[in-house]
Amino acid sequence: MPHSLVPKKVTRPAPAPEHRLEWPLRLLLWASLALPIAIFAVASWISYNQHVAEATDRLQRTVGIMQEHAIKVFETFAISERYLEELFADTNDNDIRRNEGDYSLRLRNFIKGLPQLRDLWVIDAQGHPLVSGTLYPVPRDLDLHDRDYFRAQQTTNIDTFIGQVVRGRATNADFFAITRKRLNAKGEFNGVYLVSISPDYFVQYYSQLPSSDLSVAGLVRADGANLARYPASQQSISGSAPGSPFMRAIARNPLGGVTSGVSSYDGAARILAYRKLPTQNVYVYAAIDVGAIRSDWIDDMAVHLIFGVPATLTMFGLALLTLRHTRRESEAHAQLRAEVARREGVEQALRQSQKMEAVGRLTGGIAHDFNNLLTAIVGNVELAMRRNHSTDERVARSLGAIRQASMRAATLVQRLLTFSRQHPQEVKTVDVNRLVGGMSELLHRSIGEAVTIETVLASGLWKTALDPNQLENALLNLAVNARDAMPDGGKLTIETSNAYLDDAYVMQTGTDVKPGQFVMVAVSDTGGGMPAEIRDKAFEPFFTTKAAGAGTGLGLSMVYGFVKQSGGHVQIYSEIGQGTAIKMYFPRLTDDTAYPAWDTMAAAPKMPASGQHHEAILLVEDDEDVSRFVVDALGDIGYRVTHATTAARALDLLKATPDIALLFTDVVLPGGMNGRELAHEARKLRPDLPVLFATGYTRNAIIHHGRLDQDVDLLTKPFTTDALARKVRQVIDGGTGRT
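Residue positions are counted from 1 within each chain, in the order its sequence is given. In keeping with the predicted nature of the model, local features appear solely for residues at pLDDT of at least 70, side-chain atom pairs appear and are counted solely at 80 or more, and the whole-chain, interface and lining totals rest on all residues. The side-chain values count all of the structure's non-hydrogen atoms but skip hydrogen atoms and water molecules.

Q: Residue-level account of the overall build of the chain, with values.
A: Secondary structure counts use DSSP, requiring at least four H or I residues in a row for a helix and at least two E residues in a row for a strand, with both numbered from the N terminus. When helices and strands are tallied, the chain shows 18 helices and 25 strands. Burial analysis of the chain (739 residues in total) assigns 45% to the buried set. Contacts spanning at least 24 positions in sequence make up 68% of the contacts within the chain whose residues lie at least 6 apart. Reported accessibility uses the Shrake-Rupley method at a 1.4 Å probe radius. Residues are deemed covered only where the shown protein chains occlude them. Total accessible area computed for the chain in this model is approximately 37,600 Å², and 54% of it derives from carbon and sulfur atoms. Each residue gets one of three labels from its accessible area relative to the maximum for its type: buried under 20%, exposed over 50%, partly exposed in between, using a 1.4 Å probe on protein chains only. Note on contacts: a residue pair qualifies if any of its non-hydrogen atoms lie within 4.5 Å across the two residues.

Q: If you had to explain the environment of arginine 82 to someone new, which residues and values would you point to?
A: Checked against the element boundaries, arginine 82 lands in helix 1 (residues 17-87). With 111 residues separating them along the chain, arginine 82 and tyrosine 193 place their C-alpha atoms 9.5 Å apart.

Q: Before we move on, can you summarise the pattern of salt bridges with the specific residues and values?
A: Each reported salt bridge corresponds to a side-chain nitrogen of Lys or Arg within 4 Å of a carboxyl oxygen of Asp or Glu. Across all of its chains, the model carries 19 salt bridges by this definition. A salt bridge links arginine 97 to aspartate 124; its shortest N-O distance comes to 3.3 Å. Here the residue arginine 97 occupies a position in helix 2 (residues 93-98), and aspartate 124 occupies one in the loop between strand 1 (117-123) and strand 2 (129-132), the gap between them amounting to 27 residues. Given the relative accessible area of 33%, arginine 97 is considered partly exposed. Across the pair arginine 729 and aspartate 733 runs a salt bridge whose closest N-O atoms are separated by 2.8 Å. The class of aspartate 733 is exposed, set by a relative accessible area of 54%. Salt bridges here are not isolated pairs; linked through shared partners, they connect Glu85, Asp159 and Arg180.

Q: Before we move on, can you summarise the nonpolar core with the specific residues and values?
A: By nonpolar core is meant a set of buried Ala, Val, Leu, Ile, Met, Phe, Trp, Tyr and Cys residues that side-chain atoms within 4.5 Å join together. Within the largest apolar cluster, 47 residues are counted, with the highest numbers of intra-cluster contacts made by Phe74, Phe77, Phe88, Phe202 and Leu219. Ranked by the residues each element gives to this core, the list is headed by helix 1, at 11 residues. Those residues in contact with leucine 219, other than ones at most four positions away along the chain, are Phe74, Phe176, Phe202, Tyr206, Asn226, Leu227, Ala228, Val282, Tyr283, Val284 and Tyr285. Counting 38 residues, the second-largest nonpolar core is a separate cluster that includes Leu443, Val451, Leu478 and Ile494.

Q: Could you give an account of unusual backbone geometry, naming the residues involved and the relevant values?
A: Residue tyrosine 136 is joined to proline 137 through a cis peptide bond whose omega torsion reads -10°. Considering the arrangement of structural elements, one finds proline 137 in the loop between strand 2 and helix 4 (148-155). Cis geometry marks the peptide bond from tyrosine 230 to proline 231; its omega dihedral reads 10°. Within the secondary structure, proline 231 sits in the loop between strand 8 (226-230) and helix 6 (245-252). Notably, aspartate 90 is not glycine yet its phi reads approximately 60°, a positive angle. Within the fold, aspartate 90 resides in the loop between helix 1 and helix 2. When its relative accessible area of 86% is taken as the criterion, aspartate 90 is described as exposed.

Q: Please provide a residue-by-residue account of the packing of helix 16 (residues 647-656) against helix 17 (residues 675-685), values included.
A: Interaxial distance between helix 16 and helix 17 falls to 10 Å at its minimum, and their mutual angle equals 15°. With respect to helix 17, the axis of helix 16 lies roughly parallel. Read as a crossing pair, helix 16 and helix 17 show a hand that is right-handed. Here Ala647, Ala650, Leu651, Leu654 and Lys655 of helix 16 come into contact with helix 17, specifically with Leu678, Glu681, Ala682 and Leu685. Polar here means any residue outside two lists: the nonpolar Ala, Val, Leu, Ile, Met, Phe, Trp, Tyr, Cys and Pro, and the charged Asp, Glu, Lys and Arg; Gly therefore counts as polar. Looking at the contact of helix 16 with helix 17, its residues break down into seven nonpolar, no polar and two charged. Whenever a helix is involved, its axis is fitted only over the stretch in contact; in every case the axis is a line through C-alpha atoms, and angles between N-to-C directions fall within 0 to 180 degrees. Any angle that is under 35 degrees is reported as roughly parallel, and any over 145 degrees as roughly antiparallel; angles of 65 to 115 degrees are reported as roughly perpendicular and all others as oblique. Left-handed describes a crossing in which the near helix is turned anticlockwise from the far one by less than a right angle; the clockwise case is right-handed.

Q: Please provide a residue-by-residue account of the sheet that holds strand 8, values included.
A: To summarise the sheet geometry, strands pair through backbone hydrogen bonds and adopt either a parallel or an antiparallel arrangement. Strands qualify as paired when DSSP identifies two bridges or more between them. Here five strands make up an open sheet; going across it, the order is 8-7-11-10-9 and the pairing antiparallel. Two strands bound the open sheet, and with one partner strand each, they are strand 8 and strand 9 (256-262). Each strand of the sheet is rotated relative to its neighbour by a mean of 20°, with strand direction disregarded.

Q: Before we move on, could you go through helix 15 (residues 624-637) and cite the residues and values that matter?
A: Along an α-helix, residues three or four positions apart point the same way, because every turn accommodates 3.6 residues. In this model, helix 15 (14 residues) spans 20 Å end to end at C-alpha, consistent with the 20 Å of a helix rising 1.5 Å per residue. Buried within helix 15 are the following residues: Val626, Ser627, Phe629, Val630, Ala633, Leu634 and Ile637. For helix 15, the buried positions fall inside an angular range of 160° around the axis, keeping them on one side. As used in this structure description, the phrase polar contact means that two N or O atoms lie within 3.5 Å; if the pair is within protein, one of them must be able to donate a hydrogen and the other to accept it, and residues adjacent in sequence are counted only when both atoms belong to side chains. The distance from a side-chain oxygen at the start of helix 15 to the backbone nitrogen of aspartate 625 is 3.1 Å, and the residue carrying that oxygen is aspartate 623. Residue glycine 638 follows helix 15 closely and has a positive phi angle near 125°. Take the residue count of a helix, subtract one, and multiply by 1.5 Å to get its expected span. Our arc is simply the arc of the directions from the helix axis toward the C-beta atoms.

Q: For the packing of aromatic side chains, give the residues involved together with the corresponding values.
A: Side-chain rings of Phe, Tyr and Trp, where Trp is taken by its six-membered ring, are said to pair if the distance between their centres is within 6.5 Å; with planes under 30 degrees apart they count as stacked, over 60 as edge-to-face, and otherwise as tilted. Applying the stated criterion across every chain, the model contains 16 aromatic pairs. Taking the centre distance of 4.8 Å and the plane angle of 50° together, the rings of phenylalanine 88 and tyrosine 103 count as tilted. Here phenylalanine 88, found in the loop between helix 1 and helix 2, pairs with tyrosine 103, found in helix 3 (residues 100-111); they are 15 residues apart in sequence, far enough to count as distant. What makes tyrosine 103 buried here is its relative accessible area of 10%. In this analysis the charged atom, NZ for Lys or CZ for Arg, is taken to sit over a ring once it is within 6 Å of the ring centre and within 35 degrees of the ring normal. Taking the ring centre of tyrosine 573 as reference, the NZ or CZ of lysine 583 above it sits at 5.2 Å.

Q: Could you give me a rundown of a negative patch on the surface, with the residues and numbers involved?
A: A patch consists of residues exposed above 30% relative accessible area that lack any salt bridge, with like charges linked at up to 9 Å and nonpolar side chains (Val, Leu, Ile, Met, Phe, Trp, Tyr) linked at up to 5 Å. Only four residue types enter the tally: Lys and Arg on the positive side, Asp and Glu on the negative side; His and the chain ends are excluded. The atoms used to mark charge sites are NZ of Lys, CZ of Arg, CG of Asp and CD of Glu. On the surface, a cluster of negative charge is made up of Glu54, Asp296, Asp299 and Asp300. For the negative patch, the element with the most residues is helix 7 (residues 290-387), which contributes three residues. With respect to the secondary-structure elements, aspartate 299 resides in helix 7. For aspartate 299, a relative accessible area of 48% corresponds to the partly exposed category.

Q: Before we move on, could you go through the pairing of strand 8 and cite the residues and values that matter?
A: Counting buried positions along strand 8 gives four out of five residues, so the element sits mostly inside the fold. Bridging between strand 7 (residues 216-221) and strand 8 involves four bridges; their strand directions are antiparallel. Bridge pairing links leucine 219 to alanine 228 in strand 8. What sits between strand 7 and strand 8 in their antiparallel hairpin is a turn of four residues, with glycine 224 showing a positive phi close to 95°.

Q: Tell me what's going on with the side chain of threonine 464, and back it up with residues and numbers.
A: Structurally, threonine 464 is set in strand 14 (residues 464-466). From its side chain, threonine 464 meets the backbone oxygen of proline 587 in a polar contact 2.8 Å long.

Q: Report on a nonpolar patch on the surface, specifying residues and quantitative values.
A: On the surface, Val42, Trp45 and Ile46 cluster together to form a nonpolar patch covering roughly 340 Å² of accessible area. Position of valine 42 among the secondary structure elements: in helix 1.

Q: Explain the confidence of the model for the chain to me, and be specific about the residues and the numbers.
A: Every residue is assigned a pLDDT by the predictor, reflecting its confidence on a scale from 0 to 100. Looking at the chain as a whole, its pLDDT mean stands at 80, while 79% of the residues score no less than 70. Considering only residues more than four positions removed or in separate chains, one finds that residues 1-16, a stretch of pLDDT under 50, has 36 contacts.

Q: Can you explain the environment of tyrosine 230? Please cite residues and give values.
A: Of note, tyrosine 230 is situated in strand 8. Among the residues examined, tyrosine 230 registers a relative accessible area of 22% and is labelled partly exposed. For tyrosine 230 and serine 215, which are 15 residues apart along the polypeptide, the C-alpha to C-alpha distance reads 8.2 Å. Leave out the neighbours within four places in its chain, and tyrosine 230 touches Val203, Tyr206, Ser207, Ser215, Val216 and Ala217.

In structure tokens form, the structure reads like this:
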């Protein structure tokens, strides 16, 4: 029997006075941690800013020292240029070549005491060296016209040019050059004077700076070209990227300043200070890694933690002991209240379960007798309609009205059985997309033209195992409900998809299905939606919001029972003014051969003509009205019917009548043997004997877990004469399918 229809909300009891008394202690407990942490956080932030400020101040002092040093060194370079101009004024290239030895010696003596100078050169207008202070004789085939320091003087009107760091072609050593033009008597370009400078001189000086936490120091042109960089391992770096923090800072403040950011050299975060040399487009800079500042800051704060942590833990421990003492005093009262609340919840759930169990028992209890009565009524009315030769049309109308009312009663009983999960399911392997597609015409006829139907069918949809007839009924019920929710028209959407219900969803919805893979079928509308109080009751039997006489209140209950009996889950989603969506989830079938395939093209057997067949049939039915109807209906067709009211009598007749072609038995029989057991004993006598069962309600004989056994042919009560004739013929002929 099903349990509660929908999960019930559990109402938590209001906080007890004892619990309210704990709040000040809890506040004290957390304050004993939060307050020291907050104070420590503020102090840490202040301390960190102080470390950054101190590091920035050290950087600015260091850069000041570097600037003074660079100014003096570049003054030496300027003196060297003037010396070259004075020495070689009014001296042509041929004179220099003839007296190269003398000139080379004089240049060598000049640079001997100046470690910042690597060499002094004079270069002719074609880019060939004339004399050098360190090379004698200079290589005559050495061509320097492609160097930037030569091209700049040759092609522009620049006074002094500072070149990039290059590798010397004659000495194989790194240097950067400062050049000035050589002019002939006519004032035309006649070569360059070159002062060769060693970057190692600056690197060595920067390595001896007093700032111990200095990460990087260097000399750089305004365009970012690197002239010297400490540490020496990074000397090969050509220059700063155009968009680097350093280059952006120079663009904002050309004379000097402080910036921070990620280095374009190695990706390290640094704070950098820089200053421009007054007479040159050259900058000195120094930087400290942010990580080094942070490390010093952490070391300082660790000292405070050594004293602060024990004090904080002591305060927290005292507050915790006080809270526990208070909690122990109120624990007994809290447990008592929790137990009372738990028992109330259990009793509420038990009452709901007992209510639904009572509905199910009542349904099952009356179903058998009620369906027997309906079978007799429907069957005899149909026989009367066939045998009616009266010319009075009122007789035919009365019989038709009786039949229509009986079929409505039969539908009501079937819906009750479906809700209580006791309706026998004829499970097939079903392609839901095909089933939905095949219902298009039926749905259009059922809901009319005012509602637009749209189907969204997922590709690659998994198969599922269910009763296709009941799924069609469920979809039709949901479509009709959706139509009624849109009196002015709207859109009805039927959607299919593969879905996975995880543990979080199962816990959130309170459903009893296991997490896993499911086939989802959703029916949604654009109606007015449901309020929460109606949505929570929508699946309860006989609950309806329609006008009196417009509905039984069993449509959604039938859908709920069918989905649950199929091992699935159903959920309603609704918003006022937006519409409603009802989603049904059916377990994925991984083995398509586990159940018979659903054949949408299977043709219904033809109605046998009167007097056409003459086989002998053994009818086992204890209800006198039902048996009389079946004997008359089958007799009209031509069958020879032998009737027994008990299983024991049926076995005796079977032994005595060898030409019996079909055993047609009710499932519920008197005498201690049911129809399933009778069929088993009968097949011991006649292994090939076809057996057709008839029932209005059964739980365990031929139905297990709500699903009909696969080797069983069943005719569900109440049945019509046409259904009886077709089914009997089908089973005798060895056909498949159940009704």
